[in-house]
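# Structural overview for review
One letter stands for each residue in the lines below.
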Amino acid sequence: FGAMSSSICRAMEDIAEEKLSGGAHHEKLMHRAIDIVCVRPARNLDAAPRAGEVVAMEAYERIVRKALADGENNTQLKDRLTAAGIAVEQATAAAAAYQSRLPEMQACMMEATSQISGPYLADVDWKVNLSLASSTASSLRKPWVQLALYLEETGAARKEVVMELDKTQLDMMIEAVSNLRQATARVPL
């Protein structure tokens, strides 16, 4: 799995130590880890978790965060777990729990992000127009772009921002977005 961080490797080892428990137990541990990731009260707490379970839950939490960051699906997660020495039955159950709650986790991450950063860009629409004439000039032939940005924020209505840009303004915007993209690519994750 390439350059897996040492904390993820330790997490895999911690989970592998829970070998004696079956798939249903690992499914429960994964659900508890997802509750931690989504900052929700733990579900189905029959009793306080044992020390080994706490370590495994924390390990699953780190693995869930890594899987979400990497955009992994349940098959990729199961493969990662089994390659690390976790029994197939346990890995399958944990991956099934992950898949069943993936939309919920994605919504939690989006909500957490929007609380930090506010509105986010949901969609873009654009048109290229050509002005042939105006009331002051009989022949213009001037191109311009109409750019519609659709912003969303958790719990708020979608907002449309419309801009009209000539070629110079469009070039400046493209350069600014390119610079932003390069700057964010340099940020370590």
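Cut-off values and rules
The numbers attached to residues start from 1 for each chain and follow its sequence in the written order. With pLDDT at 70 or above as the cut-off, local features in this predicted model cover only qualifying residues; side-chain atom pairs require 80 or more to be listed or tallied, and sums for whole chains, interfaces and linings still use all residues. Computation of side-chain values: all heavy atoms of the structure, hydrogens and water removed. Secondary structure elements are defined from DSSP: runs of H or I of at least 4 residues count as helices, runs of E of at least 2 residues count as strands, and each element is numbered from the N terminus. Note on exposure labels: buried denotes an accessible area under 20% of the residue type's maximum, exposed denotes more than 50%, and partly exposed covers the range between, all computed with a 1.4 Å probe on protein chains only. By definition in these notes, contact holds between two residues if any of their heavy atoms fall within 4.5 Å. Per-residue and other accessible areas were derived by the Shrake-Rupley procedure at a 1.4 Å probe size, with only the shown protein chains allowed to occlude residues. Pairing between two strands is assigned when DSSP locates at least 2 bridges connecting them. Only the contacting stretch of a helix is used when fitting its axis, a line to C-alpha atoms as for every element, and angles between N-to-C directions run 0 to 180 degrees. Expected span of a helix, by definition, is 1.5 Å for each gap between consecutive residues, and there is one gap fewer than residues. Reported orientations rely on four angle classes, namely roughly parallel under 35 degrees, roughly antiparallel over 145, roughly perpendicular from 65 to 115, and oblique for the rest. Handedness of each helix crossing follows the sense of rotation of the near helix against the far helix: counterclockwise by less than a right angle gives left-handed, clockwise gives right-handed. Polar here means any residue other than Ala, Val, Leu, Ile, Met, Phe, Trp, Tyr, Cys and Pro, which are nonpolar, and Asp, Glu, Lys and Arg, which are charged; Gly is therefore polar. Between Lys or Arg on one side and Asp or Glu on the other, a salt bridge is scored when a side-chain nitrogen of the former is within 4 Å of a carboxyl oxygen of the latter. Each patch is built from salt-bridge-free residues with over 30% relative accessible area, joining like charges within 9 Å and nonpolar side chains (Val, Leu, Ile, Met, Phe, Trp, Tyr) within 5 Å.

### Quick word on the overall build of the protein chain
Broken down by element type, the protein chain carries 7 helices and 3 strands. Helices (α) and strands (β) of the protein chain occur, in sequence order from the N terminus, as α-α-α-α-α-α-β-β-β-α. In the protein chain, buried positions account for 28% of the 189 residues. Taking as baseline every contact in the protein chain between residues at least 6 positions apart, the subset at least 24 positions apart corresponds to 56%. Within the structure as shown, the protein chain displays about 12100 Å² of accessible surface, and the carbon and sulfur contribution to it stands at 56%.

### A look at the sheet that holds strand 2 (residues 142–152)
An order of 1-2-3 is seen for the 3 strands of this open sheet, with the pairing classed as antiparallel. Since the sheet does not close on itself, it has two edges, and those belong to strand 1 (120–131) and strand 3 (159–166), each with one partner. Sheet twist, expressed as the mean angle between neighbouring strand axes with direction ignored, is 20°. Pairing between strand 2 and strand 3: 8 bridges, direction antiparallel.

### A look at helix 2 (residues 23–37)
With 15 residues, helix 2 ought to run about 21 Å at 1.5 Å a step, and its terminal C-alpha atoms sit 21 Å apart, in line with that. The buried count for helix 2 comes to 11 of 15 residues, which makes it a mostly enclosed element. Among the residues making up helix 2, those that are buried are G23, H25, H26, L29, M30, H31, R32, A33, I34, D35 and V37. Just beyond helix 2, the residue with positive phi is V39, at close to 50°.

### Some words on the environment of A96
Within the secondary structure, A96 sits in helix 5 (residues 88–100). When the C-alpha atoms of A96 and E27 are compared, they prove to be 7.5 Å apart, with 69 residues separating the residues in sequence.

### Things to note about the packing of helix 4 (residues 74–83) against helix 5
As a packed pair, helix 4 and helix 5 sit with axes 9 Å apart at the nearest point and diverge in direction by 150°. One way to sum up the angle between helix 4 and helix 5 is to call them roughly antiparallel. By crossing handedness, the relation of helix 4 to helix 5 is classed as right-handed. Contact with helix 4, carried on its side by N74, L77, K78, L81 and T82, involves V88, A91, T92, A94, A95, Y98 and Q99 of helix 5 and no other residues of that element. Classifying every residue of the contact of helix 4 with helix 5 gives 7 nonpolar, 4 polar and 1 charged.

### Points about helix 5
With 13 residues, helix 5 should cover 18 Å at 1.5 Å per step; its first-to-last C-alpha distance of 18 Å lies within 8% of that length. By the burial criterion, the buried members of helix 5 are Q90, A91, A93, A94, A95, A97 and Y98.

### What to know about the pattern of salt bridges
Scanning all chains against the criterion turns up 9 salt bridges. In this structure, E72 and R80 form a salt bridge, with 2.4 Å as the shortest nitrogen-oxygen distance. Judged by its relative accessible area of 10%, E72 falls in the buried class. What makes R80 buried here is its relative accessible area of 5%. What emerges from the salt-bridge pattern is a single network uniting K66, D70, E72 and R80.

### Focus: a nonpolar patch on the surface
Taken together, the side chains of L121, V124, W126 and V128 present a nonpolar region at the surface, about 430 Å² in accessible area. Structurally, V124 can be placed in strand 1.

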